[in-house]
Amino acid sequence: MSAQVIDGKALAEKIREELKGRVAKLQQEKGVTPGLAVIIVGENPASVVYVRNKEKGCQDVGFNSRVIRLPESTTQAELLEQIELLNNDKDMHGILVQLPLPAHMDDLAVIEAISPTKDVDGFSLLSTGSLMVGSEGFVPCTPKGCIALIESTGTSIQGKDAVVIGRSNIVGKPAAMLLLQKSATVTVTHSKTANLKEVCARADIIVAAIGKSEFVTADMVKPGAVVIDVGINRGDDGKIRGDVKYDEVAEVAGFITPVPGGVGPMTITMLLENTVEAAERYGC
């Protein structure tokens with residue numbers, strides 16, 4: 001068999017079209033245009049690209065974007081001061097600080113400085129706690145996109161055996177919580193999991209977020225499974241590969257996301273959706 005490719009770009013475009021309608025409704029009915037502020041400290045090449053894509057995404061759906069570029073020499077106190085200004089800016093409904101930050105800064109302290117009503121990345125302790133108990137909050141964008149990709153296949157998550165490979169605070173743990181909320185039976189695995197191959201091979205759904213190039217091979221995948229590849233790994237040849245050995249796994253899986261073109265486009269789209277939600281909840 002050959003897996004059906006889950007087109008993240010096409011799904012992202014569909015969701016962005018829906019977001020345009022929500023933005024227009026906010027503007028017409030309440031005079032509110034959603035706004036997203038992104039702060040980048042330093043010149044990390046990958047971060048520069050991500051920020052550029054986020055800025056373009058804002059333009060695509062019709063809301064305001066503000067990018068604040070700070071030198072790597074910026075102190076943490078100066079960064080916190082900038083965040084506080086944005087917390088009090090009524091035109092900005094979402095605030096995102098691009099990670100990673102320079103080594104002299106405390107990531108958690110910076111994230112916690114963002115107002116909970118503007119934490120559209122969903123990284124704060126309050127957002128994390130809200131996800132844990134299932135209360136209203138902002139869901140981290142990549143895991144949220146993974147769920148949308150799974151559901152786009154027509155697969156019902158309820159009752160399925162789901163395996164998450166990776167336990168990061170940004171992807172692995174929140175992805176597991178979202179799958180659990182959808183009534184899957186969830187196993188969180190990682191590089192030290194015993195019998196990892198056997199654990200994965202019984203899963204109906206695999207979310208691979210371990211950060212190791214082509215780690216998931218065909219013998220780890222149940223025939224017909226849904227495989228979501230979160231990994232972005234650049235090889236010595238300069239090519240980007242996921243955490244899944246795509247060509248061979250695609251011969252076993254029922255559905256699979258490509259890299260690039262799978263999870264990546266959904267991450268930014270979920271950020272845009274979270275920003276629109278922030279404007280709908282708190283912008284009036």
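Residues numbered from 1 in each chain as written. Predicted model: local features only at pLDDT ≥ 70, side-chain atom pairs only at ≥ 80, totals over all residues. Heavy atoms only, no water.

1. Some words on the overall build of the chain
So, step 1. Within the chain, the regular secondary structure consists of 10 helices and 11 strands.
So, step 2. Against the 2.2 N^0.38 benchmark of 19 Å for 284 residues, the chain shows a C-alpha radius of gyration of 19 Å, consistent with a compact globule.
So, step 3. In terms of overall dimensions, the chain has a C-alpha envelope of 50 × 45 × 35 Å along the principal axes.
So, step 4. With 284 residues in all, the chain has 50% of them scored as buried.
So, step 5. The long-range share in the chain, meaning contacts at least 24 apart out of those at least 6 apart in sequence, stands at 71%.
So, step 6. Accessible surface, the chain as shown: approximately 13200 Å² in total, 51% of it carbon and sulfur.
So, step 7. Taking the average place of the 29 positive charges on the side chains of the chain and the average place of its 36 negative ones, the gap between the two points comes to 3 Å. (Helix = DSSP H or I, 4+ residues; strand = E, 2+ residues; numbered from the N terminus. Rg over C-alpha atoms; globule rule 2.2 N^0.38 Å. Buried < 20%, exposed > 50% of the residue type's maximum accessible area, 1.4 Å probe, protein only. Contact = heavy atoms within 4.5 Å. Areas by Shrake-Rupley, 256 points an atom, 1.4 Å probe, with all protein chains shown as cover. Lys, Arg positive; Asp, Glu negative; His and termini not counted. Charge placed at Lys NZ, Arg CZ, Asp CG, Glu CD.)

2. Regarding the pairing of strand β6 (residues 185–189)
So, step 1. When strand β5 (residues 161–165) meets β6, the two strands line up parallel, connected through five bridges. The residue bridging V164 from the neighbouring strand is V188, located in β6.
So, step 2. On the question of chirality, the crossover connecting β5 to the parallel β6 by way of helix α7 (residues 172–181) is right-handed. (Pairing = 2+ DSSP bridges. Right-handed = clockwise from strand over helix to strand, strands pointing away.)

3. A short note on α7
So, step 1. A large share of α7 lies buried, amounting to seven of its 10 residues.
So, step 2. Among all positions of α7, only G172, P174, A175, A176, M177, L178 and L179 are buried.
So, step 3. In the core, the buried residues of α7 are packed alongside α5 (125–133), α6 (141–152), β5, β6 and β7 (205–208).
So, step 4. Within two residues after α7, S183 carries a phi angle of roughly 70°, on the positive side.

4. Examining the nonpolar core
So, step 1. Grouped together as the largest cluster of nonpolar side chains are 50 residues, with contacts concentrated most on F63, I150, L179, V207 and I228.
So, step 2. The biggest single contributor to this core is helix α10 (residues 263–282), with eight residues.
So, step 3. Excluding residues that lie within four positions of it along the chain, F63 makes contacts with V23, T33, P34, G35, L36, C58, L272, T275 and V276.
So, step 4. C200, A218, M220 and V227 belong to the second largest nonpolar core, which has 22 residues in total. (Core = buried A, V, L, I, M, F, W, Y, C linked by side-chain atoms within 4.5 Å.)

5. Description of the packing of α6 against α10
How two helices pack is summed up by the angle between their axes together with the distance between the axes.
So, step 1. Remark: α6 packs on α10, axes separated minimally by 8 Å, with the N-to-C direction vectors making an angle of 110°. As the angle between them shows, α6 and α10 are arranged roughly perpendicular. Residues C141, T142, K144, G145, C146, A148 and L149 of α6 form the contact with α10, whose own contacting residues are V263, M266, T267, M270, L271, E273, N274 and E277.
So, step 2. When grouped by side-chain class, the residues that make up the contact of α6 with α10 number eight nonpolar, four polar and three charged. (Axes fitted to C-alpha atoms, helices over the stretch in contact; angles between N-to-C directions. Parallel < 35°, antiparallel > 145°, perpendicular 65-115°, else oblique. Nonpolar A, V, L, I, M, F, W, Y, C, P; charged D, E, K, R; others polar.)

6. A short note on the packing of helix α2 (residues 45–61) against α10
So, step 1. Contact pair α2 / α10: the axes reach a minimum separation of 10 Å and the direction vectors enclose 55°. As judged from the angle between their axes, α2 and α10 are oblique. As for how α2 packs across α10, the hand of that crossing is right-handed. Counted together, Y50, N53, K54, G57, C58 and V61 of α2 and I268, L271 and L272 of α10 form the full contact between these two elements.
So, step 2. A per-class count over the contact of α2 with α10 returns six nonpolar, two polar and one charged. (Left-handed = near helix turned anticlockwise from the far one by under 90°.)

7. Regarding the layout of surface pockets
So, step 1. A volume near 1400 Å³ is recorded for the largest pocket.
So, step 2. Taken together, 46 residues make up the lining of the largest pocket; nearest its centre are Y50, T142, I232, G264 and T267.
So, step 3. Looking at the lining of the largest pocket element by element, the count peaks at seven residues for α2.
So, step 4. Classifying every residue of the lining of the largest pocket gives 24 nonpolar, 12 polar and 10 charged.
So, step 5. Put simply, the second largest pocket is a space of about 370 Å³.
So, step 6. In terms of lining residues, the second largest pocket is bounded by 16 residues, among which G122, F123, T128, N169 and I170 are the most central.
So, step 7. Every element with two or more residues in the lining of the second largest pocket is listed here: α4 (107–113), α5 and α7.
So, step 8. In terms of residue count, α5 provides more of the lining of the second largest pocket than any other element does, four residues in total.
So, step 9. Counted by class, the lining of the second largest pocket contains 11 nonpolar, three polar and two charged residues. (1 Å grid on protein atoms, 1.4 Å probe; cavity = no way out; pocket = protein on both sides within 12 Å on 5 of 7 lines; lining within 4 Å. Points joined across faces, edges and corners; volume = space filled by probe spheres on them.)

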